[in-house]
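Residues per chain, in single letters:
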Amino acid sequence: MELDSAMLSRLLTSLTLGFHIIFATLGVGVPLLISLAEWIGIKRNDPYYTLLARRWARGFVVTVAVGVVTGTAIGLQLSLLWPNFMQLAGQVISLPLFLETFAFFFEAIFLGIYLYTWDRFKKPIYHWLISIPVVIGSTLSAVFISTVNAFMNSPQGFDMVDGVLTNIQPLAAMFNPATPTKVGHVVMSAYLTSAIVLAAITAFHMLKGKRSTYYRKALKLTMTAGFIFAIGTAVIGDFSGKYLAEYQPSKLAAAEWHFETSENADLVVGGFLNDETNEVKYGLVLPNFLSILAHGDPNAEVMGLDQVPEDEVPPLYIHYLFDGMVGIGMFLAALTFFFVIALRLKRFNTENKWFLRLIVLAGPLSVLAIEFGWIFSEVGRQPWILWDIMRTGHAATSANGVGWMFVLFLLLYIVLGTLCVTVLRKMFKTNPAENELEEIARKK
Amino acid sequence: MDIQLLGITVLWVFLYGYLITASIDFGAGFFAYYGELTGRDHIINKIISRYLSPVWEVTNVFFVFFFVGLVGFFPDTAYYYGTALLVPGSIAIILLAIRGSFYAFGNYGAKKSRVYTFLYGVTGLLIPASLSTALTLSEGGFIEEVNGEVKFLAGELFSSFYSWSVVLLAIVSVLFISAAFLTYYASRANDEPALELLRKYALFWSAPTILSSILVFVALQQHNSVHFERTLDYAWFFIASLFCFLIATYLIFQRKRYGTAFIFVMLQFFFAFFGYGISHLPWILYDHITIYSGYTNETTGVYLVIAFIAGLCLLVPSLVLLMRLFLFDAEYVKGNKS
Ligand code: HDD
Ligand code: HEM
Ligand code: HEM
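Residues numbered from 1 in each chain as written. Chains lettered and ligands numbered in written order. Predicted model: local features only at pLDDT ≥ 70, side-chain atom pairs only at ≥ 80, totals over all residues. Heavy atoms only, no water.

## Overview of the site of ligand 3
All names here are of chain A. The full set close to ligand 3 counts 20 residues, and R10, L17, I21, N149 and E378 are the nearest of them. R10 is positioned with one of its side-chain polar atoms (N or O) 2.8 Å from an oxygen atom of ligand 3. Taking E378, its side chain carries an N or O atom lying 2.9 Å from a nitrogen atom of ligand 3. Elements with a minimum of two residues in the shell around ligand 3: α1 (5-43), α4 (124-153) and α11 (353-379). Class assignment for the residues of the shell around ligand 3 results in twelve nonpolar, five polar and three charged. Viewed by domain, the shell around ligand 3 spans two of them, domain 1 (1-178 + 390-444) and domain 2 (196-247 + 249-380), each represented by three or more residues. (Near = heavy atom within 4 Å. Polar contact = N/O pair within 3.5 Å; in protein donor to acceptor, adjacent residues only side chain to side chain. Helix = DSSP H or I, 4+ residues; strand = E, 2+ residues; numbered from the N terminus. Nonpolar A, V, L, I, M, F, W, Y, C, P; charged D, E, K, R; others polar. Domains from an automatic or database assignment.)

## Brief notes about the coordination of the iron atom of ligand 2
In this structure, the iron atom of ligand 2 receives exactly one donor atom from the protein: H20 of chain A (NE2), at 2.1 Å. Following the sequence through the fold, H20 of chain A ends up in helix α1. (Donors = N, O, S within 2.8 Å, 3.2 Å for Na, K, Ca; no water.)

## With respect to the environment of W205 of chain B
All names here are of chain B. In this fold, W205 is placed in helix α8 (residues 192-223). C-alpha of W205 to C-alpha of V172: the two residues are 33 residues apart in sequence and 6.7 Å apart in space. Setting aside chain neighbours within four positions, we find W205 in contact with F31, V172, L175 and F176. (Contact = heavy atoms within 4.5 Å.)

## Let's talk about helix α13 (residues 402-430) of chain A
Count 3.6 residues to each turn of an α-helix, and residues three or four apart come out pointing the same way. The first and last C-alpha atoms of α13 of chain A sit 42 Å apart over 29 residues, in line with the 42 Å expected at 1.5 Å per residue. The set of residues buried in α13 of chain A consists of V402, M405, F409, L412, Y413, L416, G417, C420, V423, L424 and M427 of chain A. (Expected span 1.5 Å × (residues − 1). Buried < 20%, exposed > 50% of the residue type's maximum accessible area, 1.4 Å probe, protein only.)

## A closer look at the interface of chain B and chain A
Counting residues at the interface gives 66 residues for chain B and 60 residues for chain A. Around 5700 Å² of area is buried between chain B and chain A when both sides are counted, 78% of it from carbon and sulfur atoms. Taken together, the connections running from chain B to chain A amount to zero salt bridges. Scanning the region where chain B abuts chain A turns up three residue pairs in polar contact (both at pLDDT 80 or more). Of all elements in the fold, only α2 (41-73), α3 (75-84), α4 (86-108) and α12 (298-326) of chain B reach the threshold of two or more residues within the side of chain B that touches chain A. Classifying every residue of the side of chain B that touches chain A by side-chain character gives 43 nonpolar, 18 polar and five charged. (Buried area = accessible area lost by both parts, 1.4 Å probe. Salt bridge = Lys/Arg side-chain N within 4 Å of Asp/Glu carboxyl O.)

## Description of the site of ligand 2
In the vicinity of ligand 2 there are 26 residues, among which H20, G27, G71 and F104 of chain A together with N60 of chain B approach most closely. Between ligand 2 and H20 of chain A there is a distance of 3.1 Å, counted from a nitrogen atom to a side-chain nitrogen or oxygen. Between ligand 2 and F23 of chain A there is a distance of 3.4 Å, counted from an oxygen atom to a backbone nitrogen or oxygen. Every element with two or more residues in the shell around ligand 2 is listed here: α1, α2 (47-81), α3 (83-115) and α4 of chain A together with α2 of chain B. A per-element tally of the shell around ligand 2 places α2 of chain A first, with eight residues. Grouping the amino acids of the shell around ligand 2 by side-chain chemistry returns 15 nonpolar, eight polar and three charged.

## Remarks on the packing of aromatic side chains
As enumerated under the stated definition, the model contains 55 aromatic pairs over all chains in all. Ring plane angle 35 degrees and centroid distance 6.3 Å describe the contact between W39 of chain A and W128 of chain A, whose orientation is recorded as tilted. Remark: W128 of chain A occurs in helix α4 and W39 of chain A occurs in helix α1; sequence separation between them is 89 residues. Of the aromatic side chains, those joined through ring pairs into one cluster are W12, Y16, Y234, W236, F237, F270, F271, F273, F274 and Y276 of chain B. For R357 of chain A, the ring lying beneath its charged end belongs to W354 of chain A, and the centroid distance is 4.7 Å. Above the plane of the ring of Y120 of chain B lies R99 of chain B, whose end atom (NZ or CZ) is 4.1 Å from the centre. (Phe/Tyr/Trp six-rings, centres within 6.5 Å; stacked < 30°, edge-to-face > 60°. Lys NZ or Arg CZ within 6 Å of the ring centre and 35° of its normal.)

## Topic: the coordination of the iron atom of ligand 3
One donor from the polypeptide reaches the iron atom of ligand 3: E378 of chain A (OE), at 1.9 Å. As for its position among the elements, E378 of chain A is in helix α11.

## So, the nonpolar core
Across soluble globular proteins, nonpolar side chains show a tendency to be buried alongside one another. One finds F85 and F409 of chain A to be the most contacted residues of the largest nonpolar core, which totals 237 residues. Top contributing element to this core by residue count: α3 of chain A, with 21 residues. Two domains each donate at least three residues to this core, and these are domain 1 (1-178 + 390-444) and domain 2 (196-247 + 249-380) of chain A. For F409 of chain A, the residues in contact, after removing those within four places along its chain, are L12, L15, A73 and Q77 of chain A together with S90, I93 and I94 of chain B. (Core = buried A, V, L, I, M, F, W, Y, C linked by side-chain atoms within 4.5 Å.)

## What about the domain arrangement of chain A?
Residue and element names in this part refer to chain A. Once the domains are mapped, chain A shows domain 1 (1-178 + 390-444) and domain 2 (196-247 + 249-380). The C-alpha centroid of domain 2 is placed 23 Å from the C-alpha centroid of domain 1. Contacts between the two partners involve 26 residues from domain 1, matched on the other side by 24 residues from domain 2. Across the interface of domain 1 and domain 2, roughly 2200 Å² is buried in total on both sides, 66% from carbon and sulfur atoms. Of all residues in domain 1, I21, Y48 and W56 give up the largest surface area on contact with domain 2, accounting jointly for 20% of the area buried on that side.

## Considering α12 of chain B
Residue and element names in this part refer to chain B. The terminal C-alpha atoms of α12 lie 41 Å apart, and with 29 residues this matches the ideal 42 Å at 1.5 Å per residue to within 8%. Bending of α12 peaks at approximately 30 degrees at the position of L312. When α12 is considered as a whole, its buried residues turn out to be T300, G301, L304, V305, A307, F308, G311, L315, S318, L322, L325 and F326. (Bend = angle between axes of the 7 residues up to and from the residue.)

## Some remarks on the pairing of strand β2 (residues 149-152) of chain B
Residue and element names in this part refer to chain B. Pairing analysis gives four bridges linking strand β1 (residues 143-146) to β2, with the strands arranged antiparallel. Residue E145 lies in a different strand from β2, and its bridge partner there is V150. Two successive antiparallel strands, β1 and β2, enclose a turn made up of two residues, where N147 displays a positive phi of approximately 50 degrees. (Pairing = 2+ DSSP bridges.)

## So, the packing of α8 of chain B against helix α9 (residues 225-233) of chain B
Two quantities define a packed helix pair, namely the angle between the helix axes and the distance between the axes. Residues and elements named next belong to chain B. The contact between α8 and α9 brings their axes to 6 Å, and the two run at 130 degrees. By the angle class used here, α8 and α9 are oblique. Along its contact with α8, which presents F217, L220, Q221 and H223, the element α9 presents S225, H227, F228 and T231. For the contact of α8 with α9, a count of residues per class yields three nonpolar, five polar and no charged. (Axes fitted to C-alpha atoms, helices over the stretch in contact; angles between N-to-C directions. Parallel < 35°, antiparallel > 145°, perpendicular 65-115°, else oblique.)

Laid out in structure tokens, this is it:
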């Protein structure tokens with residue numbers, strides 16, 4: 001690996017995006033859950049849910065701040081690190097990027113209003129109404145930015161003549177073949193992750209012995225929502241696989257270590273690869289499953305890496321990332337499913353210590369799945385920054401000093417990450433839910 | 001009006017929006033820190049946080065809007081500025097990140113810490129200084145293209161009289177705009193001690209804004225005489241600006257109508273900023289990009305304008321709502337509503 005400007009730009013982009021998406025994902029999903037909790041609170045006249053919404057919103061202010069500043073960083077870094085890419089692709093995809101800023105604007109305005117008007121309206125429902133533009137705004141930011149990323153995977157909406165773009169159609173570029181699955185999967189997995197992270201925090205408190213109605217209701221809401229989102233994520237994930245098979249077969253083949261084009265292709269889970277012989281050891285082989293994942297038909301032919309020019313094969317380690325993401329997805333679906341069933345049957349104790357521990361574990365795992373998914377998707381696109389059109393190495397800046405900037409940003413994110421966690425913990429420690437629960441009890 | 005001109009005007013309006021809202025924010029940070037140093041923080045900090053808490057994210061979006069829009073309408077700017085500004089741009093990002101997140105950590109999170117206030121105050125001055133260099137660069141002479149490679153002449157920038165005069169103007173203006181606004185906000189809140197203090201700050205920083213803008217003109221004449229000549233063609237903008245400044249300062253001095261005074265401060269900067277912008281045209285970056293050469297293709301341009309108009313229909317009512325709730329609601333300003 002040579003540490004030239006292009007490599008360093010890739011590292012710095014990965015660093016910033018890898019950090020931003022944690023907060024961005026929560027920024028997309030948490031408003032939905034806050035809004036849901038507040039709505040249930042109003043509908044059922046249940047102060048516990050209202051308190052949930054309030055406390056989540058208080059924590060959200062802190063994570064949003066980190067999301068906003070890191071988002072501003074990546075927004076500027078796109079031009080700073082990839083000036084050639086932005087000059088070319090900017091001709092086509094500036095529309096969704098521009099629309100995204102409107103979504104931010106919309107979200108920022110109503111978030112400001114939402115956070116500071118809890119007791120200002122006569123009817124609580126007015127306050128809840130303000131949460132709707134926040135939910136719409138944050139989800140739309142994810143939608144628009146995902147269309148940009150979809151465009152990079154499946155560019156269309158222009159003709160390339162001697163390196164010059166002509167016949168540009170911004171809408172066709174935005175609504176490219178990758179858009180439906182990309183947008184759907186990103187949004188759904190953001191909702192899922194947010195629900196699971198909130199469930200994990202609740203379970204963590206319950207493990208510490210706080211087992212009041214408040215926590216039970218929180219767990220019920222987040223895990224039930226999590227179940228729906230987990231199913232959604234898995235279903236759309238399956239469609240994403242089918243998209244890859246059709247439009248980016250080399251990415252899929254690399255992820256599945258599928259070397260030879262064949263019918264009735266088997267799916268390999270895990271395992272070790274022998275670099276010389278391309279043989280896989282210790283993998284779990286699921287017969288015909290790759291044909292099903294790729295085309296929904298056990299007999300279908302799946303393209304292998306033998307059809308891909310050698311210098312266009314993506315790094316093969318993405319196999320583990322894909323398996324990690326899918327594995328976590330299955331785990332989350334099973335966990336939430338079990339919870340929902342147990343709640344229905346009332347025969348199994350969902351407050352079992354081991355079960356709560358699994359929920360706590362699910363929190364960091366779901367964030368990990370987001371990271372795995374993105375790295376898989378981005379590294380799997382290599383060597384292209386614009387699929388089949390522009391190579392990553394040709395897009396990077398020619399400026400010096402990227403290495404130093406990498407060090408500076410690394411330090412920045414370490415500080416921001418640490419402080420964010422410390423501040424959140426302090427915030428909820430100095431004002432535990434129990435204080436506010438007492439108030440509710442007194443009012444009753 | 002051709003579409004290129006429309007595009008740059010829209011962007012300039014948003015940059016103006018950022019100039020005003022961010023100056024209030026940046027200056028407030030400095031005053032908060034200065035207040036703490038001199039033991040007067042209890043007087044003004046409540047006013048500052050009541051205004052800033054709901055709006056700081058909106059301020060940031062003005063900035064995001066500007067640079068995303070600039071790269072959208074004029075993709076060549078990504079190429080030139082992107083390459084040239086890697087180091088200064090990254091430093092500005094880091095400062096912005098520290099400032100934004102520390103504000104949230106300090107204000108919403110646990111109790112206040114001296115370190116947060118310090119960083120919050122210092123970045124309030126450093127950020128305008130570093131962002132203003134982007135405008136300095138646009139005057140040409142600091143970016144060179146040799147054999148298709150863009151080079152940033154950092155040495156030239158640091159040894160340039162013009163560049164330092166712009167930095168000075170940026171800092172002084174931030175403090176003046178901020179003090180003028182907070183004076184108004186304190187008067188709405190009927191907070192006498194804060195009003196007295198902030199009014200003093202506003203008056204203190206008034207004359208330096210004019211002096212430093214004169215300095216910028218002198219420096220511009222040396223640095224880019226073409227642009228300087230053009231500013232003379234639009235002299236009435238700058239005269240109007242001076243006129244508004246005099247009214248604003250007079251009102252604040254007379255302890256009268258602080259709201260009107262702040263509107264005149266906004267007009268003062270409006271005229272100066274647009275006078276500067278118009279005389280700069282058609283160049284975006286002297287000798288490299290004009291609004292015509294750097295323009296995106298026609299189709300994308302039209303879509304961007306449509307998106308902009310649709311977006312505006314959504315934003316303007318929302319912004320009005322925000323202002324009514326937090327700026328013009330006397331009860332909130334006084335701290336009687338949460
Ligand atoms: C909680 C997070 C999460 C979970 C549980 C899953 N995914 Fe995922 N996946 C993502 C989060 C994610 C992501 C971070 O959102 C990605 C990265 C890029 C993208 O489009 O979405 C992604 C990408 C991604 C792609 C690549 C799309 C592309 O490169 O264009 C495929 C094929 C799948 N996923 C398939 C699945 C399947 C079959 C799952 C089965 C359960 C699954 N994902 C669970
Ligand atoms: C190239 C990739 C990306 C860019 C350029 C980008 C840009 C930005 C910018 C500029 C901001 C700050 C906006 C403000 O000032 O309010 C931001 C925040 C945000 N971004 Fe990203 N972003 C990227 C990836 C993503 C992804 C993948 C998602 C969704 C999964 C996302 C969702 C959000 C959300 C919801 C916010 C609002 C802040 C928050 O709630 O945390 N972004 N982003
Ligand atoms: C227009 C915008 C984008 C550009 C120019 C871009 C470009 C790149 C490049 C060149 C890499 C390095 C890949 C490698 O070294 O193998 C990368 C990695 C990455 N990108 Fe993107 N990307 C963009 C959009 C996005 C979006 C919207 C996301 C979602 C948040 C994203 C998430 C990631 C992640 C997580 C990595 C890390 C992969 C790794 O560790 O190498 N990117 N991006």
